[in-house]
Amino acid sequence: MKLDVQGRDVAQGAYRIETDAGRALVPECLMEGLRPGERPSHQEAYEWIAAHSRQICRAIETLTAGRPPRPPYDLITLLHLAE
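Here the structure is a predicted model, which means the values were calculated and not measured. (Residues numbered from 1 in each chain as written. Predicted model: local features only at pLDDT ≥ 70, side-chain atom pairs only at ≥ 80, totals over all residues. Heavy atoms only, no water.)

Q: Sorry if this is basic, but what is going on with the pairing of strand β2 (residues 14-19) here?
A: If a strand is regular, its side chains alternate between the two faces of the sheet. When strand β1 (residues 3-9) meets β2, the two strands line up antiparallel, connected through five bridges. For Val-5, the partnering residue across the bridge sits in β2 and is Ile-17. Alignment of β2 against strand β3 (residues 22-27), held across six bridges, turns out to be antiparallel. Bridge pairing in β3 places Ile-17 opposite Ala-24. Hairpin remark: β2 followed by β3, antiparallel, with two residues in the connecting loop. (Pairing = 2+ DSSP bridges. Helix = DSSP H or I, 4+ residues; strand = E, 2+ residues; numbered from the N terminus.)

Below is the structure:
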(Lines give C-alpha, C1' and ligand atoms only; values in the text may rest on other atoms or scores of the structure.)
Protein backbone atom coordinates (compact mmCIF):
# COMPACT_ATOMS: atom_id res chain seq x y z
CA MET A 1 0.00 0.00 0.00
CA LYS A 2 1.63 3.20 -1.21
CA LEU A 3 0.93 6.41 0.67
CA ASP A 4 3.11 9.45 0.06
CA VAL A 5 2.65 12.80 1.77
CA GLN A 6 3.37 15.51 -0.77
CA GLY A 7 3.26 18.45 1.60
CA ARG A 8 0.75 20.84 3.04
CA ASP A 9 -1.71 22.90 1.00
CA VAL A 10 -1.88 26.09 3.06
CA ALA A 11 -4.92 27.50 1.23
CA GLN A 12 -6.91 24.30 1.83
CA GLY A 13 -5.66 23.60 5.36
CA ALA A 14 -4.91 20.05 4.25
CA TYR A 15 -2.11 17.67 3.34
CA ARG A 16 -1.67 16.40 -0.21
CA ILE A 17 -1.56 12.61 -0.27
CA GLU A 18 -0.82 10.22 -3.11
CA THR A 19 -1.78 6.55 -3.05
CA ASP A 20 -1.97 3.83 -5.69
CA ALA A 21 -5.66 4.74 -6.07
CA GLY A 22 -5.15 8.48 -6.60
CA ARG A 23 -4.29 11.86 -5.10
CA ALA A 24 -6.30 13.58 -2.40
CA LEU A 25 -6.39 16.29 0.25
CA VAL A 26 -6.58 15.15 3.87
CA PRO A 27 -7.87 18.09 5.92
CA GLU A 28 -6.12 19.07 9.13
CA CYS A 29 -9.47 19.11 10.95
CA LEU A 30 -9.29 15.29 10.95
CA MET A 31 -6.23 15.70 13.19
CA GLU A 32 -8.03 18.03 15.59
CA GLY A 33 -7.37 15.91 18.66
CA LEU A 34 -3.62 16.46 18.35
CA ARG A 35 -3.77 20.15 19.33
CA PRO A 36 -7.33 21.25 20.09
CA GLY A 37 -7.93 24.70 18.60
CA GLU A 38 -4.55 24.77 16.83
CA ARG A 39 -2.92 23.42 13.70
CA PRO A 40 -0.84 20.28 14.23
CA SER A 41 2.89 20.56 13.62
CA HIS A 42 4.20 18.95 10.44
CA GLN A 43 5.72 16.16 12.52
CA GLU A 44 2.41 15.50 14.30
CA ALA A 45 0.52 15.56 11.01
CA TYR A 46 2.91 13.13 9.32
CA GLU A 47 2.70 10.78 12.32
CA TRP A 48 -1.12 11.00 12.34
CA ILE A 49 -1.25 10.29 8.61
CA ALA A 50 1.07 7.27 9.05
CA ALA A 51 -1.04 5.93 11.91
CA HIS A 52 -4.23 6.30 9.83
CA SER A 53 -2.78 5.26 6.47
CA ARG A 54 -5.05 2.23 6.08
CA GLN A 55 -8.20 4.31 6.61
CA ILE A 56 -6.92 7.10 4.34
CA CYS A 57 -6.08 4.67 1.52
CA ARG A 58 -9.46 2.97 1.88
CA ALA A 59 -11.24 6.35 1.74
CA ILE A 60 -9.35 7.35 -1.43
CA GLU A 61 -10.15 3.99 -3.05
CA THR A 62 -13.82 4.45 -2.14
CA LEU A 63 -13.85 7.99 -3.57
CA THR A 64 -12.25 6.89 -6.85
CA ALA A 65 -14.96 4.22 -7.10
CA GLY A 66 -17.57 6.99 -6.91
CA ARG A 67 -18.83 6.23 -3.43
CA PRO A 68 -18.62 8.29 -0.23
CA PRO A 69 -16.22 6.99 2.45
CA ARG A 70 -17.28 6.48 6.04
CA PRO A 71 -17.10 9.48 8.39
CA PRO A 72 -14.89 11.18 9.36
CA TYR A 73 -12.90 10.21 6.24
CA ASP A 74 -15.71 11.56 4.07
CA LEU A 75 -13.94 14.94 4.50
CA ILE A 76 -11.10 13.74 2.22
CA THR A 77 -11.36 15.12 -1.31
CA LEU A 78 -9.81 13.82 -4.50
CA LEU A 79 -7.38 15.90 -6.50
CA HIS A 80 -7.40 15.88 -10.28
CA LEU A 81 -4.18 15.10 -12.11
CA ALA A 82 -3.66 18.76 -13.06
CA GLU A 83 -3.69 19.88 -9.40
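Q: I keep staring at helix α1 (residues 42-51) and nothing clicks. Help me out?
A: One turn of the α-helix equals 3.6 residues, which is why residues spaced by three or four share an orientation. Listed as buried for α1 are Ala-45, Trp-48 and Ile-49. All buried residues of α1 fall inside an arc of 100° around its axis, so they share one side. For α1, the exposed residues lying more than 90 degrees away from the buried face are Gln-43, Ala-50 and Ala-51. Tucked inside the fold, the buried residues of α1 contact β1, β2, β3 and α2 (53-64). (Buried < 20%, exposed > 50% of the residue type's maximum accessible area, 1.4 Å probe, protein only. Arc of directions from axis to C-beta. Contact = heavy atoms within 4.5 Å.)

Q: What exactly am I supposed to notice about unusual backbone geometry here?
A: Most of the time, phi is negative for any residue but glycine, and the peptide bond is trans. A cis amide bond, omega 0°, links Pro-71 with the succeeding residue Pro-72. Note on placement: Pro-72 falls in the loop between α2 and β4 (77-79).

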